[in-house]
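An overview of the molecular structure
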Amino acid sequence: MTAMRLPALSPTARGLLGTLAEIGRPVSAKGLLLRCNPRPVTTTEAEVDRWRGREHDLRRAVAELHETGMVAHSVQKQGSEVVQVVWIP
């Protein structure tokens, strides 16, 4: 049996992929980001800036995983909200 060669992924993308594997089912991109990057309890400007920067990195990692084919996604309507759902195919 030949080992499958995985594409080179950023550390953030690898972490997201691991979290998605732990969840084991399709999840909203928003829910995945909140799980990996909870909003800070205190709201000092520096903490909020770090949180926003981390969220930006995580969104970029979701796009990276999708571009490499490591995750699939669809857009669904849930009630009055449109939600992007991601999963490992």
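Refer to the preceding data block for the structure.
Residues numbered from 1 in each chain as written. Predicted model: local features only at pLDDT ≥ 70, side-chain atom pairs only at ≥ 80, totals over all residues. Heavy atoms only, no water.

**Let's talk about the pattern of salt bridges**
Inspection of the entire model under this criterion finds three salt bridges. The salt bridge involving Glu22 is made with Arg35; its shortest N-O contact spans 3.8 Å. Note that Glu22 is positioned in helix H1 (residues 11-23) and Arg35 in helix H2 (residues 29-36), a separation of 13 residues in sequence. Here Asp57 and Arg60 are joined by a salt bridge, their closest N and O atoms 2.6 Å apart. Placement of both Asp57 and Arg60 in helix H3 (residues 45-67) is noted, with a separation of three residues, approximately one turn of the helix. Of the residues examined, Asp57 reaches a relative accessible area of 30% and is grouped as partly exposed. Classification of Arg60 as partly exposed rests on a relative accessible area of 46%. (Salt bridge = Lys/Arg side-chain N within 4 Å of Asp/Glu carboxyl O. Helix = DSSP H or I, 4+ residues; strand = E, 2+ residues; numbered from the N terminus. Buried < 20%, exposed > 50% of the residue type's maximum accessible area, 1.4 Å probe, protein only.)

**A look at the nonpolar core**
Counting 16 residues, the largest nonpolar core has Leu16, Leu17, Leu20, Val27, Leu32, Leu65 and Val86 as its most contacted members. Looking at this core, the elements with two or more residues in it are H1, H2 and H3. With five residues, the top contributor of residues to this core is H1. Excluding residues that lie within four positions of it along the chain, Leu32 makes contacts with Leu16, Thr19, Leu20, Ile23, Val27 and Val86. (Core = buried A, V, L, I, M, F, W, Y, C linked by side-chain atoms within 4.5 Å. Contact = heavy atoms within 4.5 Å.)

These results come straight from atomic positions and should not be treated as a statement about function.
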